[in-house]
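Reading the structure
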Amino acid sequence: MRMTVIGTGYVGTVHAACMADIGHQVLGLDIDAERIAALSAGRAPLHEDGLDALLARTVASGRLRFSTSLAEGAAFAGTHFVCVGTPQRPDGGAADLSQVDAVVDGLAPHLRPGSLLVGKSTVPVGTAARLAGRLAAAAPGTEVAWNPEFLREGSAVLDTMRPERLVVGVTSARAEAVLREVYAPMIRAGVPFFGTDPATAELVKVASNAFLATKISFINAMAEVCDAAGADATVLAGAIGADPRIGPRFLAPGLGFGGSCFPKDIRAFAARAEEIGAGEAVAFLHEVDRINTRQRRRTVDRARLLLGGSSAGRRVAVLGAAFKPGSDDVRDSPALAVAAALRAQGAEVRVHDPEALDNARAVRPELTYALDVDKACEGADLVLHLTDWPEYRSVDPAALASLVRSPVLLDARNGLDPALWTAAGWTVHAPGRPGLSGGAS
Ligand code: NAD
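Residues numbered from 1 in each chain as written. Predicted model: local features only at pLDDT ≥ 70, side-chain atom pairs only at ≥ 80, totals over all residues. Heavy atoms only, no water.

In the Ramachandran plot, F250 falls in the positive-phi region, its phi being about 65 degrees despite a non-glycine side chain. Among the structural elements, F250 can be located in the loop between α11 (233-241) and α12 (262-275). Here the phi dihedral of D332 falls at roughly 45 degrees; this positive angle occurs in a residue that is not glycine. By secondary structure assignment, the location of D332 is in the loop between β9 (315-319) and α14 (334-344). (Helix = DSSP H or I, 4+ residues; strand = E, 2+ residues; numbered from the N terminus.)

What follows is the structure, encoded as structure tokens:
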């Protein structure tokens, strides 16, 4: 099949390359000419396992090309996947749909009759219907469907090739048939397919993110209670997660969520629910958000206490800058937010990350960056573990102890083995585990 993928960011690049790999003819479109030039040369704009090879293979095969021209896209195919950004508006929690609207308006005059626009961007419920209204006059006969994206950064290629489910919201049997054909290999492999209306499809995405964000904030709230009660939140999480109705995933007490999706998606969901008269139903999302941002503040406060009450002039090593392991994405990264807050208090902060240093440097030039863990930790008064990269679990705490000024670890992700670090001479602190180093600090 022929298709375009409009917006070659995280979602669009991965979607375009995967669709080409399963045999489709794909034209990727973006307004960023530099990005399009790099992609045409087979260079991905982001780090994701398997993406470089996939891109090289599909570009070389001729099945994947890139362009900046929407007119070329409309002439090339009748099916268009829209993957542009839907960031938070600067004036509140609602989603900024200007990129989506710009694509629709730019494409409309060129669309052939019977075209299908398939949204993958995360949008407020009602967006597909609004866009269909917008296109009714400008491009009659164009259908707008919604096919939300569930890929996780860090496993984006795998998630696209073998998603846990496919959700398509359509207004005609023809559109559903087109999307079933697009995803035929996945459907044949047994991936559950949910065919529904566009409003339900739009809501599935934001409801999923709201549920996961709630689960994370729930366990972080429990960690705060554990800190006050002298209980262990990691044992608590393991024990409540053993109940299959609850489940262990997303139940690790830590620094909370960040990235380009969860924070803005729950705010946009709450804002949209308010607009349609259902604000009370999701008022709890404001609390989920507050609990989440509080974890960053608590980590900074705790670090300052461990530095003796003032961060000024103290040297802090930060392990991790990406918003989560497996990604070089630093958008709304809790790790970088904590590092920057300590820097603002006068600490000398040295940050290490296996993949995200370039992106981190671009947004936080005031921080110092180190290419290896040893360099980050040399002479440190405190080591902060802020992104749970597997690499950090194989660090030798005994060797590191000889490099730092004081062997004090704040494991804000509860990802390192406290017994191992304590045995190597470290004092270990972690959220929800006041017993680790003899009482809450
Ligand atoms: P991104 O910011 O990485 O990419 C957006 C791309 O769209 C950029 O390359 C930008 O240049 C391009 N663009 C902007 N305006 C354009 C226009 N008028 N015409 C053509 N291209 C244009 O965003 P992303 O992380 O890929 O997210 C895209 C959407 O998918 C968002 O709605 C997001 O919430 C959702 N989503 C993201 C993820 C994720 O893990 N990143 C997962 C699921 C859903």
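Past the structure itself, the notes keep going.
Let us now look at the sheet that holds strand β13 (residues 408-411). The strand order across the open sheet built from six strands is β11-β10-β9-β12-β13-β14, with neighbouring strands paired in parallel fashion. Edge positions in the sheet fall to β11 (368-370) and β14 (427-429), since each of these pairs with one other strand and no more. The mean inter-strand angle of the sheet, taken between neighbouring strand axes irrespective of direction, is 25 degrees. Looking at chain direction, β9 and strand β12 (residues 382-385) are connected through four bridges and run parallel. Opposite V316, over in β12, you have L382 as the bridge partner. α14 rests against β9, β10 (348-352), β11 and β12 of the sheet, and its axis sits at about 160 degrees to β10. (Pairing = 2+ DSSP bridges. Axes fitted to C-alpha atoms, helices over the stretch in contact; angles between N-to-C directions. Contact = heavy atoms within 4.5 Å.)

Our next topic: the packing of helix α10 (residues 198-229) against α11. Two elements in contact, α10 and α11, have axes whose closest approach is 9 Å; the angle formed by their N-to-C orientations is 135 degrees. Put simply, α10 runs oblique to α11. In this structure, the crossing between α10 and α11 has a hand that is right-handed. Counting all contacts with α10, which are made through F218, I219, M222, A223 and C226, the residues of α11 involved are A233, L236, A237 and I240. Per-class residue counts for the contact of α10 with α11 are nine nonpolar, no polar and no charged. (Parallel < 35°, antiparallel > 145°, perpendicular 65-115°, else oblique. Left-handed = near helix turned anticlockwise from the far one by under 90°. Nonpolar A, V, L, I, M, F, W, Y, C, P; charged D, E, K, R; others polar.)

A few words now on the site of the ligand. As a structural note, the neighbourhood of the ligand is formed by 27 residues, with V11, D30, R35, T86 and K264 the closest of them. Contact distances for the ligand include 2.9 Å between an oxygen atom and a backbone N or O atom of Y10. A distance of 2.9 Å is found between an oxygen atom of the ligand and a backbone nitrogen or oxygen belonging to T122. Against a free-state accessible area of 840 Å², the protein chains account for coverage of 88% of the ligand. (Near = heavy atom within 4 Å. Polar contact = N/O pair within 3.5 Å; in protein donor to acceptor, adjacent residues only side chain to side chain. Areas by Shrake-Rupley, 256 points an atom, 1.4 Å probe, with all protein chains shown as cover.)

We note that the domain assignment places domain 1 (2-196), domain 2 (206-289) and domain 3 (295-429) within the protein chain. Domain 2 and domain 3 are separated by 24 Å when their C-alpha centres are compared. In this assembly, 13 residues from domain 2 lie in contact with 16 residues from domain 3. For the pair domain 2 and domain 3, the two sides together bury roughly 1200 Å², of which 49% comes from carbon and sulfur. Counting the surface domain 2 buries against domain 3, the share from its top three residues, E224, L255 and G259, is 47%. The interface formed by domain 2 and domain 3 contains one salt bridge. (Domains from an automatic or database assignment. Buried area = accessible area lost by both parts, 1.4 Å probe. Salt bridge = Lys/Arg side-chain N within 4 Å of Asp/Glu carboxyl O.)

Here V404 shows up in the loop between α17 (397-401) and β13. For V404, a relative accessible area of 10% gives the class buried. Taking the C-alpha atoms as reference, V404 lies 60 Å from E176; in sequence the two are 228 residues apart. (Buried < 20%, exposed > 50% of the residue type's maximum accessible area, 1.4 Å probe, protein only.)

Our focus in this paragraph is the packing of helix α13 (residues 284-306) against α14. Relative orientation and spacing of two packed helices are given, respectively, by the angle between their axes and the distance between those axes. Running from N to C, α13 and α14 point in directions that differ by 40 degrees, and their axes come no closer than 10 Å. When the interaxial angle is binned, α13 and α14 end up oblique. Remark: the crossing between α13 and α14 carries right-handed chirality. On the side of α13, the interface is formed by R296, T299, V300 and A303, while α14 contributes P334, A337, V338, A341 and L342. Of the residues in the contact of α13 with α14, the class split is seven nonpolar, one polar and one charged.

The description of an aromatic ring pair uses the distance of the two centres, along with the angle that the planes make with each other. Applying the stated criterion across every chain, the model contains three aromatic pairs. Aromatic pair F250 and F262: ring centres 6.4 Å apart, planes at 50 degrees, arrangement tilted. Here F250 is found in the loop between α11 and α12, whereas its partner F262 is found in helix α12, with 12 residues between them in sequence. Overall, the relative accessible area of 14% leaves F262 in the buried class. A centroid spacing of 5.7 Å and a plane angle of 75 degrees characterise the contact between F257 and F262, whose relative ring orientation is edge-to-face. Comparing F257 with F262, the two get one shared label, buried. Across the ring face of F150, the terminal group of R165 is positioned such that the distance to the ring centre comes to 3.7 Å. Its end group placed over the ring of F193, R180 keeps NZ or CZ at 4.0 Å from the ring centre. (Phe/Tyr/Trp six-rings, centres within 6.5 Å; stacked < 30°, edge-to-face > 60°. Lys NZ or Arg CZ within 6 Å of the ring centre and 35° of its normal.)

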